[in-house]
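# Remarks on the overall topology
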Amino acid sequence: MYKTEKLLHLRTYKRRPVRIVRELYLREDVPCSSSLCQAACANEGKVLSGDLTHYLVPDWRVVQDYLEILEFPEMRGVIFMQTACQAVQHQRGRRQYNRLRALLRDARRECISFANEFQHYSYLPREKGESMEKWQTRCIYNASVWYYRHCHGQMPVVMLTEDEEAIKAYGSETGGVFVISFRDYLESFWPDLKAAHELYESILQSQRERESESQENHGKEYPEHLPLEVLEAGIKSGRYIQGVLNVNKHRAQSEAFVRLQGTSNKKTDLQSDILIHSSRARNRAVHGDVVAVELLPRAEWKGRTCALSDNEMEEKAGEPHAEPMPTGRVVGVIQKNWRDYVATFPAKEETQSQGKNALKILVTPWDYRIPKIRISTQQAETLQDWRVVVRIDSWDSTSLYPNGHFVRVLGRIGDLEAEIATILVENSISVAPFSEAQMREMPVDTPKEPWQVTPEEQLVRTDLRDTHLVFSIDPKGCEDVDDTLSVRTLANGNLELGVHIADVTHFVAANSYTDIEARARATTYYLADRRYDMLPSILSADLCSLLGGADRYAVSVMWELDRETYEIKKVWYGRTIICSAYKLFYEAAQQLLDGDLTVVDEIPELQALDSEMGQARLEELLWAVGKLTEIARHMRAKRDICGALELEGVEVRVQLDERKNIADLIPKQPLEVHETVAECMILANHWVATKIYESFPHQALLRLHPPPCQEFFSELRECAEAKGFIISTRSNKALADSLDKANDPADPLVNKLLRSMATQAMSNAQYFSSGSCPEEEFYHYGLALDKYTHFTSPIRRYADIMVHRLLMAAILKDKKTEVRETLFGNKDLEELCAHINARNRAAQHSQKQSTELFQCMYFRDKNPESDERCVTDAIIYSLRTNGALLFLPRYGIKGAAYLRNKEGAVITCLPDGHCEWRPGSLQRFQNRIVSSTSNGSSSSFTLFDHVTVRISVQFSRCHADRIHLEIIRNQPYQAPTAELWEQSSSLLKTDLVKEVTRSAEEAQLAQEEAAVKGVREELQEYCQSQGQSLYQLLEEVRNLALLDVSAG
Amino acid sequence: MAGLELLSDQGYRLDGRKAVELRKIQARMGVFAQADGSAYIEQGNTKALAVVYGPHEIRGSRSKALHDRAVVNCQYSMATFSTGERKRRPHGDRKSSEMTLHLKQTFEAAILTQLYPRSQIDIYVQILQADGGNYCACVNAATLAIMDAGIPMRDYVCACSTGFIEDTPLVDLCYVEEAAGGPQLALALLPKSEQIALLEMNSRLHEDHLEKVLDAASKACRDVYAVLDRVVRDHVQEVCTLLGE
């Protein structure tokens, strides 16, 4: 049993400078696993049969590259030498080695492995200076010879090698052992095995490609980044260009753009973005990184793809590209903007193929623009159906994917809370509840200890409680009233207009905990069904909310206006105490304005008074509202003359629509009162901006709206031309005028769409510090004002808080008193502005994403084939080569519909208007797409055509679900019955939540379910699913619990 | 080199041994004339040198002396050139003092110390080349050296390490197998009486497997015993022929 009589062989090899010596024990009793063996080898398991024409010994190289061909069942009698197996294991990695092992274990396959390196007589030591490859080939040849002799020459052995020298050297050395190349072998032994030949060719092909690639980068997946000094020098000299990487959401694999940044670039001839094509050129930069780019020579420039696609589709070679644009490659990352990413583990079936103890797993981020992340975890199976947060740690040039690690679990896929949390994480919004330290700073206002105006404050503030009629106009049910208005006639006959804004800065001291928290949040986040406040609710809903009939601190701006011309004569800024007399809502105010007094019953403040007194008060209010509207109209007109615009109106309206969607707050039609209030606010913002800029020319926080890039308007112009309108974009005034004219009486949506396209084409308004920008650039394009800021909503915007502090400091400065508060310097303020701008974008994105989430949830449980709510009218507002972008007025959804599907079929219209998928082709013209089928019929889709679409939800495991649109008729939607038509036409606006709630109620009535009262409206949306979903059940249980508590 | 396969499907280990096979052991006794006893052992590429002085009077402070038995003083060290990387290894670092302690425990159990009260036995062991199983090589070398010094022992002390990989116990691990980080068990056995002088285990091993691994280890120790016995007998014969003309 005891076996030290083995010869001890030393095998040395160099790895790094270290010399490692390993033992090798050789023996004679290595089983040969051949049935022809006459040496009584202890053969167990698989044995090669003796009725073959030859044994096949593949070289290490052949095993590495052509294992797939050796897997063919025709290949019998294959002997895998241990040397070859080890070469696979070391050089090809675990995956291919496992495949080889599986092949060897498969009892049906006639192949064995032979431990030639442990066999005393087949082993050859590596000679000094001999390359590894040569030695391996020699070993295998020697083993083949041994094998041939071991079987006493009964069976010829064919050794396959790709090494020409080996064929020459060993080819005729031993009779009965043939050394030929794999190609020759296939041709002479298997001329009929076509599949093997084809496979051989394709493997050869891919190998060549790899080689040509690896010649460039020495086996690395990506080129190395350049060091930072080189980048900086390169950027200065203009060799490289600095910018922010922006990955195309729809083609995340291949396309990314670099938006040029700042003034650091000397190449002024570069106007547009730089295209980064393919992930190799992107060189490990992640969406949002600040990168340095080198431009490619003009011959290699590419155009952006203009066909619709989603990420699932493979890039086809023949896809049409637009005009070539500057194309570059990333040479270095200047600043990484890695954040937390929400990701999903691959489904179980996929993980299993990665091997049972594969601890490294590729997770798919929720955001399409982020590449897959490799993380190592042992919880892959338990975390299957959960959304998790991961972080990227590193990305080596040798690795195709970044390495990361798992941070925490968010919740189950598809669960509402988990999906909302996903949206928050993806937008880097953190909304932990306010801490105790923050709450301790808050003033107290309980029924026992009501908050009161302190005498000290009363001394320094102007008391407007008795002299002014102050009232607020807000959406119905609004909690955070931050602006109020007043108007009165002065003794000299002039008018006095006042805007009073909640004095948040009185409660939130600079650099207090609350202030720091508010600065971090920067804004209140409105999601589709909830809201995350910037300030604790004691402030936002109580002490800083200018409620009716309560004494409140305010910051006021008051103008003295000429009684006739409404010319501004004087302006006054200051801290005040006010008591709002009326808390009106928009509809009521509008009705008062229209002279409709029935609404009086709805105003609680007028109820308490007796009729005579009430009448007088009502008169007073009526006069104020009327006067206010008149002033606003006048201001508006004046702004219009100065080149003012309708544009901001559009923007506001869109935002209001959004809010409408969410909180069910705003009337369906925009009322004049809206504009009145908005105009007063714009006036206040403008004057405050002027004031703080005068006092602090280098550190005032202002808001600018840069003039848009003319190129962005080209799409708008084209669209308008399709309808016969001419849009002039020379100046903001020309644009506004031409937009007003572009009104199709037959279709009011056209104007609406054009306006929203114009809004899209414009750049976003931004906060900035006045010290970092020349004065000419302060211009607010949309409002046509030379200076503008945000002052009127300090409860939900941090910028307004900053402006309040600036204004207070400016007042103190005027009074020649010492400025107590330390204000932000220009640099700090600029940083703060960048932060606020970023947070505002995040707020907008999260709002949009949550709305989309709710849309998907709304349609998720509906059967698109049968449910009439899934079929609706749509209007084409943009064309692509293989599809069209549609706007669905009923739900306010914008989306893409394919006109050609993945199988290559195109949509074609039958004479009755219904559409079908037929094989054919698409042709895109300036303003229409023509689909022609193979049998000659053709149909066209023109811009602003109304079509009928079917809405369905496209499920996605790793990403957000998406609305999928399919054109089913090329005519406007006709509801099946008159009643339904009425119903859908009454839904002019995009009030999805309202609609959801209503249909939910209907569905519930239809099912005769017990109506559950006291449920929040938003929640009803989830009860309306007709099928029994688990969520519904849970929700019902929860409602029952609520009922019990309220009953008890 | 992703994940070495420590045990192939055919049942071979990396160096061509099967699971229960030991490395080649070569040993010589009486390599130094100056010392009372000395021995050199090679277990595969692990090479160890052991020297024994004593029993002699207590050196240094007399307070360490024990009235009923001898003090066993051990010292373990590794040569700077013993590993792949050249590294100065000062005496008294954590690893070597632990090893020293283990050796001391082992030999206090094996040597009949009560025969030499108030005296001291010094055992110095040095690893000249480390390739796994350092402790075992040291114990085996020291056993031979003590015999060479003529100090009476209860029995040979034979040591062997055992690993557990893919549900198979592997005996006498080499460095690569040790470095893989699997469970490892070092056993010092008095083979005749099957008494355990020392048992040490690293990493985690399920208790169901312990018996299997222990069996394999004691089997391996008996194999070692066979070799050592052969070496001792050869040595004695050689000495006899030299002395007894």
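Residues numbered from 1 in each chain as written. Chains lettered and ligands numbered in written order. Predicted model: local features only at pLDDT ≥ 70, side-chain atom pairs only at ≥ 80, totals over all residues. Heavy atoms only, no water.

## Observations concerning the overall build of chain A
For chain A, the count of helices and strands is 29 helices and 39 strands. The buried share of chain A, taken over its 1048 residues, is 51%. Of the contacts made within chain A by residues no fewer than 6 positions apart, 66% connect residues no fewer than 24 positions apart. Taken as a whole, chain A presents about 49600 Å² of accessible surface, with 51% of it coming from carbon and sulfur. (Helix = DSSP H or I, 4+ residues; strand = E, 2+ residues; numbered from the N terminus. Buried < 20%, exposed > 50% of the residue type's maximum accessible area, 1.4 Å probe, protein only. Contact = heavy atoms within 4.5 Å. Areas by Shrake-Rupley, 256 points an atom, 1.4 Å probe, with all protein chains shown as cover.)

## Details of the confidence of the model for chain A
All names here are of chain A. On average, residues of chain A carry a pLDDT of 75, and 79% of them reach 70 or more. Predicted confidence for residues 1-10 stays below pLDDT 50, and this span has 32 contacts to residues more than four positions away or in other chains. Within the model, the stretch residues 263-268 combines pLDDT values under 50 with 8 contacts to residues more than four positions away or in other chains. (pLDDT = per-residue confidence, 0-100.)

## Things to note about the sheet that holds strand 36 (residues 928-933) of chain A
Residue and element names in this part refer to chain A. The strand order across the open sheet built from 4 strands is 34-35-36-37, with neighbouring strands paired in antiparallel fashion. The sheet terminates laterally at strand 34 (905-909) and strand 37 (938-942), the two strands that pair on one side only. Averaged over all adjacent pairs, the angle separating strand axes in this sheet is 50°, with direction ignored. Sheet analysis places strand 36 next to strand 37, joined by 5 bridges and oriented antiparallel. Bridged to Arg928 within strand 37 is Thr942. (Pairing = 2+ DSSP bridges. Axes fitted to C-alpha atoms, helices over the stretch in contact; angles between N-to-C directions.)

## Section: the sheet that holds strand 3 (residues 46-57) of chain B
Residues and elements named next belong to chain B. As summarised here, the arrangement of the 5 strands in space is 1-2-3-5-4, forming an open sheet in which the pairing is mixed. The open sheet has two edge strands, strand 1 (25-29) and strand 4 (71-78), and neither has a second partner. Going across the sheet, the axis of each strand differs from the next one's by a mean of 15°, ignoring polarity. The pairing of strand 4 with strand 5 (residues 119-129) spans 8 bridges and is classified as parallel. Opposite Asn73, over in strand 5, you have Asp122 as the bridge partner. Sitting on the sheet, helix 1 (residues 94-110) is in contact with strand 4 and strand 5, with an inclination near 140° to strand 4. The sheet contacts of helix 2 (residues 134-149) involve strand 1, strand 2 (37-43), strand 3, strand 4 and strand 5, and relative to strand 2 the element is tilted by about 145°.

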